[in-house]
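Examination of the molecular architecture
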Amino acid sequence: MIDLSRYRKDFPILNQTVKGRPLIYLDNAATAQKPLQVIGTVDQYYREYNSNVHRGLHTLSERATRAYEKAREKVARFIHAPRSEEVIFTRNTTESINLVAYTWARKFLKAGDAILLTEMEHHSNLVPWHLLREEKSIELRFIPVTPRGELDLQHLKQLLDGVRLVSVTHMSNVLGTINPVEVITEEAHAAGAKVLIDGAQAVPHMPVNVQDIDCDFYAFSGHKMCGPTGVGVLWARAEILRDMPPFLGGGEMIHEVHLNHSDYADIPNKFEAGTPNIAQAIGLGAAVDYLSRVGMENILQHEQEIGALAIEKLKSIKGLRIFGESEKRGAAISFEIEGVHPHDIATILDEQGIAIRAGHHCAQPLMRKFNVQSTARASFYFYNVPEEIDILVDALKTAKRLFGYVT
Ligand code: 7TS
């Protein structure tokens, strides 16, 4: 297995005990830990050059503006965006998807148009479209999920008939499945639809190239990729962004304002009203530098190896069922243990210093599809090591014993 354990020393939070045991952090799909390089960059901003961007003519403001715009360039390069002005800083993936729903979709969709989603979407790629449907009589359709946890693309062509937008997750936060977004995009474009990819679980874990995918919109969150909370990204093609009305109105996003009307700044400012998340965006730039040094290919390889090992070892526990058996998958692993409630699993693991998530993972329709209310989920990142899997498996065996399920 590729050894990335040398990077653990960059994450001070990992070097602690919880309930008297060394912390084992396996909740990376919820949020990732931050390396010193990111913490230091945010700290330095507040210590040395905290000031507002794009408006001051003084030295600190110029330095903050340069750093903020540099972060945009770094993010653009990281996802192979052709132009940095196509990168819009938002708060998170949720806001990025809502931005498309509130602006592009409200302007360009009309009654009778359809949006194609999938049964494995996070609520943040479902609820914005429900809200839109309350205003416009659009139709929502769903690509089904197979029992193996993959998208059933057999009837994609028929499903695409009359569809104006396809919005699909790149990687499932529950099943770990990596979806064939290039194939879906090609079919969607052939049918005349635009494509939005929810990359919240993909950008942190694998190389992503928006030009190769050829999608129209791509959304992700900084906090899941070693960056600070409070910053996310919407990438979209420049010509599409220029055609979209603004999302929020206020300072920074205007060209000229009169008492009764205003016209808007060019992209990206048009979509960044008010004082932006300056420290967070600069921190995300540092996270991108850090991940690039580790190497996204290395991260992908490590997670496929550690994910496969974890699945193999988890399967040795009798009564444990894993949700999602796709061969193309990342290292977010959902499971249940017969006779033990997922919340009890998480609580018992916490007693042993192991952090996992239990719940519906903001994917209730997917839970219903698999006939469960909730699952337990262990999700790995490049700083996790194989020894942590053995401790996890032992702790799960303890949970089974405590709850009286004897094999
Ligand atoms: N899309 C996917 C696929 C996600 O996994 C998440 C967060 C989001 C969107 C929303 O991201 P946010 O940064 O806007 O909140 N997923 C999870 C999770 O699996 N556990 O906690 C958050």
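Quantities reported herein were computed from a predicted structural model and do not represent experimental measurements.

The domain architecture assigned to the protein chain consists of domain 1 (5-28 + 295-402) and domain 2 (38-293). Relative to domain 2, the C-alpha centre of domain 1 lies at a distance of 28 Å. Across the boundary between the two partners, domain 1 contributes 36 residues, which contact 35 residues of domain 2. For the pair domain 1 and domain 2, the summed buried surface comes to about 2,900 Å²; carbon and sulfur atoms form 58% of the total. Of all residues in domain 1, the largest losses of buried area upon contact with domain 2 belong to Met 296, Leu 366 and Tyr 381, amounting jointly to 21% of the total for that side. In this structure, the connection of domain 1 to domain 2 is made through one salt bridge.

Note that strand β5 (residues 114-118) and strand β6 (residues 139-143) share five bridges and pair parallel. Considered in β6, the bridge of Leu 117 is made with Phe 142. Chirality of the crossover, the property in question, places the unit of β5, helix α4 (residues 127-135) and β6 among those that are right-handed.

As a further point, take empty space enclosed by the protein. For the structure shown, the criterion picks out one cavity of 30 Å³ or more. Lining of the largest cavity is provided by Asn 28, Ala 29, Met 171, Gln 201, His 205, Glu 303, Ala 331, Ala 332, Ser 379 and Phe 380. Taken together, the residues of the lining of the largest cavity sort by class into five nonpolar, four polar and one charged. Of the domains in this structure, domain 1 (5-28 + 295-402) and domain 2 (38-293) are the two that each give at least three residues to the lining of the largest cavity.

Near the ligand there are 17 residues, and of these Thr 94, Asp 198, Ser 221, Arg 357 and Arg 377 occur at the shortest range. Here a nitrogen atom of the ligand sits 3.4 Å away from a polar atom, N or O, in the side chain of His 122. Isolated, the ligand exposes 490 Å² of accessible area, and the fraction of that covered by the protein chains is 89%. One can see that the ligand is located within the largest pocket. Among the residues making up the shell around the ligand, the classes are represented as three nonpolar, ten polar and four charged.

Moving on: a nonpolar patch on the surface. The grouping of Tyr 102, Val 127 and Leu 131 at the surface amounts to a nonpolar patch, some 230 Å² of accessible area in total. Position of Val 127 relative to the elements: it lies in helix α4. Judged by relative accessible area, Val 127 falls into the partly exposed class, the value being 39%.

With that out of the way, let us pick up helix α1 (residues 36-49). The end-to-end C-alpha separation of α1 is 19 Å, in line with the 20 Å expected for 14 residues at 1.5 Å each. Here α1 has its buried residues at Val 38, Thr 41, Tyr 45 and Tyr 49. Buried residues along α1 cover an arc of 65 degrees about the axis, so they all sit on one side. Among the structural elements, α2 (59-78) and α9 (278-294) are those in contact with the buried residues of α1.

The phi torsion of most residues other than glycine is negative, and most of the peptide bonds are trans. Of note, the amide linkage connecting Ile 267 to Pro 268 takes the cis form, showing an omega dihedral of 5 degrees. By the element assignment, Pro 268 lies in the loop between β12 (262-264) and α9. The residue Cys 362 is not glycine, and still its phi comes out positive at about 55 degrees. Structurally, Cys 362 can be placed in the loop between β16 (357-359) and α12 (364-369). With relative accessibility at 22%, the residue Cys 362 sits in the partly exposed group. Its identity as a non-glycine residue notwithstanding, Asn 371 has a phi of 60 degrees, on the positive side. Residue position: Asn 371 is located in the loop between α12 and β17 (375-379).

Let us look at the sheet that holds strand β9 (residues 217-221). Working definition: the strands of a sheet are paired by backbone hydrogen bonds and lie parallel or antiparallel to each other. With mixed pairing, the seven strands of this open sheet are ordered in space as β4-β10-β9-β8-β7-β5-β6. Two strands close off the open sheet at either side, each with one partner strand: β4 (87-90) and β6. Pairs of neighbouring strands in the sheet enclose a mean axial angle of 20 degrees, with direction left out of account. The pairing of β9 with strand β10 (residues 232-236) spans five bridges and is classified as antiparallel. Its bridge partner being in β10, Ser 221 is matched across the sheet by Gly 232. Set on the sheet, helix α3 (residues 93-108) makes contact with β4, β7 (163-169), β8 (194-198), β9 and β10; between it and β9 the angle comes to about 155 degrees.

Procedures and definitions
- Position numbers for residues count from 1 along each chain, tracking the sequence in the order it is written.
- Totals for whole chains, interfaces and linings use all residues, but because this is a predicted model, local features are given only for residues with pLDDT of at least 70 and pairs of side-chain atoms are given and counted only at 80 or more.
- Hydrogens and water molecules were not included; the side-chain quantities draw on all heavy atoms of the structure.
- The domain boundaries here were taken from an automatic or database domain assignment.
- Contacts are assigned to residue pairs that have any heavy atoms within 4.5 Å of one another.
- Once two parts are brought into contact, the accessible area they lose, counted with a 1.4 Å probe and summed over both, makes up the buried area.
- Counted as salt bridges are all cases of a side-chain nitrogen of Lys or Arg within 4 Å of a carboxyl oxygen of Asp or Glu.
- Paired strands, as defined in this entry, are two strands with at least two bridges between them according to DSSP.
- A helix here means a DSSP run of H or I that spans at least four residues, while a strand means a run of E at least two residues long, and both kinds are numbered starting from the N terminus.
- Consider the strands pointing away from the viewer: the crossover is right-handed when the path from the first strand over the helix to the second runs clockwise.
- Grid points spaced at 1 Å and placed over the protein atoms alone form the basis of the search, with a cavity being a set where a 1.4 Å probe fits but cannot get out and a pocket an open set showing protein on both sides within 12 Å along at least five of seven lines. Lining residues have an atom within 4 Å of a point.
- Grid points are joined across faces, edges and corners, and a volume is the space filled by probe spheres set on the points.
- Classification convention: Asp, Glu, Lys, Arg as charged; Ala, Val, Leu, Ile, Met, Phe, Trp, Tyr, Cys, Pro as nonpolar; all other residues, Gly among them, as polar.
- Nearness here has a simple test: a residue counts as near a molecule or strand if at least one of its heavy atoms is within 4 Å of that partner.
- Here a polar contact is recorded for every N or O atom pair within 3.5 Å, except that within protein the pair must consist of a potential hydrogen donor and a potential acceptor, and residues adjacent in sequence are included only if both atoms are side-chain atoms.
- Residue exposure ignores everything except the shown protein chains as possible cover, and the areas themselves are Shrake-Rupley values with a 1.4 Å probe.
- In this description, a molecule resides in a pocket or cavity if more than half of its atoms sit within 2 Å of the grid points defining it.
- For patches, a residue must show more than 30% relative accessible area and have no salt bridge; joins then use 9 Å for like charges and 5 Å for nonpolar side chains, namely Val, Leu, Ile, Met, Phe, Trp and Tyr.
- With a 1.4 Å probe rolled over the protein chains alone, any residue whose accessible area is under 20% of its type maximum counts as buried; one over 50% counts as exposed, and the rest are partly exposed.
- By this rule, a helix spans an expected 1.5 Å times one less than how many residues it contains.
- The directions from the helix axis to the C-beta atoms are what the arc is built from.
- To define axes, lines are fitted to C-alpha atoms, for helices over the stretch in contact only, and angles between the resulting N-to-C directions are given on a 0 to 180 degree scale.

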